[in-house]
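Structural overview for review
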Amino acid sequence: MKISARILVLLLAACFLFASCDSAPGTTSENTGNATAAVTGTVEETVPESTEEGSFEPLTDLNMNGEEFVIIVPPSAAGAWNQHMDFDAPELNEDPVNDANYERISKLKELYNVTIVNKVTSGKVIDDARKCHNAGDNEYDAIHLGITEAPVLAQEGFLVDLNTLESMNLENPWYNQSAVEQMSIGGKLFFVLGDISTVDNDGIGCITFNKGMIEDGNLTSPYDLIKENKWTIDNFYELCKGYAYDLDGDGDMNIMDRWGYLTAYSSIFLQLNACGVRIVEKDEDDLPHLCINSSRTLEAIEKVLALYIDKQTTFHVNEMKNIPGGVSGWQYGNNMFMEGRVMFREVSMYRAIQCREMEEDFGIIPYPKLDSEQENYAHSFSTATPVICILSTADDPEVNGAVIEALSYYGRTIVRPAYYDRVLKGLVARDEDSEFCLDLIFDTADYDLGLVLNLGNLISVFSGYVNARQSTFASDYASLETTMNSQIADYVEAYENVLN
């Protein structure tokens with residue numbers, strides 16, 4: 001955005017306010033108004049647009065005169081799920097999500113007379129954001145970058161505290177409330193995610209299963225176990241056992257054979273998180289402290305690791321060799337699943353969507369809990385999951401926040417139904433049980449700040465336990481604790497320097 005439009009809006013709004021002696025606030029209003037209210041000098045009296053769970057109150061005096069609102073996003077990685085095209089829909093093409101985004105962008109044009117621009121960086125978003133900030137300019141109106149990179153910019157003092165913006169109501173359901181709660185520090189929140197993007201949904205973990213293999217084995221359906229609150233790691237392990245088979249008879253279990261469970265070394269921490277293992281909790285001052293060293297953690301490690309190191313049951317993407325077709329292990333894992341050679345497969349939602357072409361029936365289910373006493377499911381995220389933030393060099397952060405709020409609101413009311421209902425439920429999920437499970441998975445997305453900050457490099461540590469076929473966590477913890485406490489102290493200190 002250029003400063004000229006904002007100055008014009010403020011001058012016109014000031015003239016209007018002076019003439020009418022109206023003291024209506026400039027950031028929130030009971031009027032939806034129209035995008036030209038500040039230019040015409042009239043504001044229609046209407047009510048905020050509402051959903052069943054939230055209320056959208058746009059700025060009534062904001063007309064951006066067709067100027068660009070530039071959102072910088074990461075480049076798309078070939079064959080990966082992080083296709084960051086959330087804000088790019090130049091025309092209708094009969095793809096449900098694209099067409100919904102086209103409608104959303106049109107809504108923003110109508111509401112604020114603004115043009116949304118999806119700028120794909122040729123390098124790294126974090127580097128471009130730093131350059132923009134250090135130059136003191138406002139080339140980028142919003143930053144869309146990986147969830148593990150955003151804290152770095154926040155600690156450097158480059159980001160706006162979103163909790164200070166009246167134009168953003170972070171209690172609205174189009175912001176992920178787990179992320180809002182867990183990613184703040186000392187009551188300050190510098191980045192957030194939610195329905196502004198569908199890419200964060202793509203990175204949520206889940207499990208797909210071959211319904212025919214369950215039926216042929218006369219096994220209990222995972223759906224029934226979920227309904228009976230018996231979907232636990234023990235029962236999951238029992239279902240996976242006994243289905244690995246050397247199909248080609250060469251005496252070597254590999255990518256050409258059949259498996260009970262297909263996953264990856266690093267996914268062990270996703271499953272531990274699903275079993276209620278957390279790295280940090282917050283205190284009364286909204287500051288993080290370690291909580292991972294508990295009896296529950298040790299119990300979960302024992303049970304989950306037993307499944308992950310069982311060579312007669314579980315196969316890992318990391319162990320794939322001589323993959324045909326030049327595709328990644330993750331992609332070939334999809335081939336194995338769709339060919340009926342995997343009973344259960346741990347997968348991101350992005351890969352689950354790719355199973356639409358599978359001829360055999362399959363289901364989508366959550367990660368199992370540790371035991372039936374565990375109250376909630378939990379589903380962790382990919383480190384490439386993007387968050388949205390605003391550089392502190394913005395001329396008027398309230399305006400930036402207003403556009404993000406509108407994008408998020410229309411993301412929930414327009415884009416989310418297209419992504420969620422038509423693509424996932426309509427084309428992927430083939431039964432009502434899977435639809436129920438999709439609701440459960442998305443409603444229990446979890447954003448442990450310890451994972452966001454990569455404390456102790458725990459994902460790599462636990463991946464190493466799987467590779468070594470044993471856990472030494474109990475003996476490793478003393479040194480890990482020292483490292484993680486030091487990281488937390490440095491993180492909080494950096495935030496305090498920024499806040500003060």
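Our subject in this report is the structure included herewith.

Analysis parameters
- Residues numbered from 1 in each chain as written.
- Predicted model: local features only at pLDDT ≥ 70, side-chain atom pairs only at ≥ 80, totals over all residues.
- Heavy atoms only, no water.
- Helix = DSSP H or I, 4+ residues; strand = E, 2+ residues; numbered from the N terminus.
- Buried < 20%, exposed > 50% of the residue type's maximum accessible area, 1.4 Å probe, protein only.
- Contact = heavy atoms within 4.5 Å.
- Pairing = 2+ DSSP bridges.
- Core = buried A, V, L, I, M, F, W, Y, C linked by side-chain atoms within 4.5 Å.
- Axes fitted to C-alpha atoms, helices over the stretch in contact; angles between N-to-C directions.
- Parallel < 35°, antiparallel > 145°, perpendicular 65-115°, else oblique.
- Left-handed = near helix turned anticlockwise from the far one by under 90°.
- Nonpolar A, V, L, I, M, F, W, Y, C, P; charged D, E, K, R; others polar.
- Expected span 1.5 Å × (residues − 1).
- Phe/Tyr/Trp six-rings, centres within 6.5 Å; stacked < 30°, edge-to-face > 60°.
- Polar contact = N/O pair within 3.5 Å; in protein donor to acceptor, adjacent residues only side chain to side chain.

What follows is about the overall build of the protein. Scanning the protein from terminus to terminus reveals 19 helices and 13 strands. Put simply, the protein has 500 residues, and 55% of those count as buried. Look at the contacts in the protein between residues 6 or more apart in sequence, and 76% of them connect residues 24 or more apart.

To continue, consider the pairing of strand 12 (residues 362–365). Side chains Phe362 and Ile364 project from strand 12 onto one buried face, and the interleaved Gly363 and Ile365 project onto a second face that is buried too. Of the pairings in the sheet, the one linking strand 6 (residues 205–210) to strand 12 comprises four bridges and is antiparallel in character. What sits directly across from Asn210, in strand 12, is Phe362.

If you look at soluble globular proteins, the nonpolar side chains tend to sit buried side by side. By size, the foremost hydrophobic cluster in this structure holds 158 residues, and its most contacted members are Tyr112, Ile116, Ile279 and Phe344. At 16 residues, helix 15 (residues 397–428) tops the list of elements feeding residues into this core.

Running from N to C, helix 3 (residues 96–112) and helix 15 cross one another at 155 degrees; their axes reach a closest spacing of 9 Å. Between helix 3 and helix 15, the crossing angle belongs to the class labelled roughly antiparallel. Our pair here, helix 3 against helix 15, has a crossing hand that is right-handed. Judged by residue contacts, Pro96, Val97, Ala100, Asn101, Glu103, Arg104, Lys107, Leu108, Leu111 and Tyr112 of helix 3 engage Ala402, Val403, Ala406, Leu407, Tyr410, Gly411, Ile414, Val415, Ala418, Tyr419, Arg422 and Val423 from helix 15. Of the residues assigned to the contact of helix 3 with helix 15, the class counts are 16 nonpolar, two polar and four charged.

Moving on: helix 15. With 32 residues, helix 15 ought to run about 46 Å at 1.5 Å a step, yet its terminal C-alpha atoms sit only 40 Å apart, falling short of that. Taken across its 32 residues, helix 15 has 24 buried, putting it largely inside the fold.

Attention now moves to the sheet that holds strand 5 (residues 142–146). Across the sheet, four strands lie side by side as 4-3-5-13; this open sheet has mixed pairing. Only two strands of the sheet have a single partner each, and these edge strands are strand 4 (115–120) and strand 13 (386–389). This sheet shows a mean twist of 20 degrees between the axes of neighbouring strands, independent of strand direction. Inspection of the sheet shows strand 5 paired to strand 13 by four bridges, in the antiparallel sense. Directly across from Ile143, in strand 13, lies its bridge partner Cys389. Contacting strand 3 (68–73) and strand 5, helix 4 (residues 125–135) runs over the sheet at an angle of about 145 degrees to strand 5. Against the sheet, helix 15 makes contact with strand 3, strand 4, strand 5 and strand 13, and its axis sits at roughly 70 degrees relative to strand 3, the strand it touches most.

This structure, assessed with the given rule, holds 21 aromatic pairs. The interplanar angle of 85 degrees and the centroid separation of 6.0 Å between the aromatic rings of Tyr261 and Tyr308 together place this pair among those described as edge-to-face. A residue pair is termed long-range when its members are at least 10 positions apart, and Tyr261 in strand 7 (residues 259–263) and Tyr308 in helix 12 (residues 295–308) qualify at 47 residues. No difference in accessibility class separates Tyr261 from Tyr308, as the two residues are buried. Geometrically, the ring pair formed by Tyr491 and Tyr495 is tilted, given 4.7 Å between the ring centres and 55 degrees between the ring planes. Separated by four residues within a single helix, Tyr491 and Tyr495 lie in helix 19 (residues 473–499), roughly one turn from each other.

Within the secondary structure layout, Ser408 lies in helix 15. Residue classification places Ser408 among the buried residues on the basis of a relative accessible area of 1%. Reaching out from Ser408, the side chain makes a polar contact with the backbone oxygen of Ile404 at a distance of 2.8 Å. Once you skip the residues sitting within four places of it in the chain, Ser408 turns out to touch Trp174, Tyr175, Asp195 and Ile196.

What the five strands build is an open sheet, ordered 10-7-11-6-12; its pairing is mixed. The open sheet terminates on both sides in strands that have one partner only, identified here as strand 10 (314–316) and strand 12. With direction set aside, neighbouring strand axes in the sheet form an average angle of 25 degrees. Pairing geometry for strand 6 and strand 11 (residues 342–348), over five bridges, is antiparallel. Considered in strand 11, the bridge of Ile207 is made with Glu346.

All right, on to the environment of Trp330 then. With respect to the secondary-structure elements, Trp330 resides in helix 13 (residues 329–338). Here Trp330 falls in the partly exposed class, since its relative accessible area comes to 30%. Residues Trp330 and Val347, 17 residues apart in the sequence, show an inter-C-alpha distance of 8.4 Å. Residues within four places of Trp330 in sequence aside, it is in contact with Ala264, Ser267, Val317, Arg345, Glu346 and Arg351.

Mapped onto the secondary structure, Gly363 falls in strand 12. For Gly363, a relative accessible area of 0% translates into the label buried. With 66 residues separating them in the primary sequence, Gly363 and Ala429 have C-alpha atoms 6.7 Å apart. Setting aside chain neighbours within four positions, we find Gly363 in contact with Ile207, Thr208, Phe209, Lys211, Tyr223 and Ser434.

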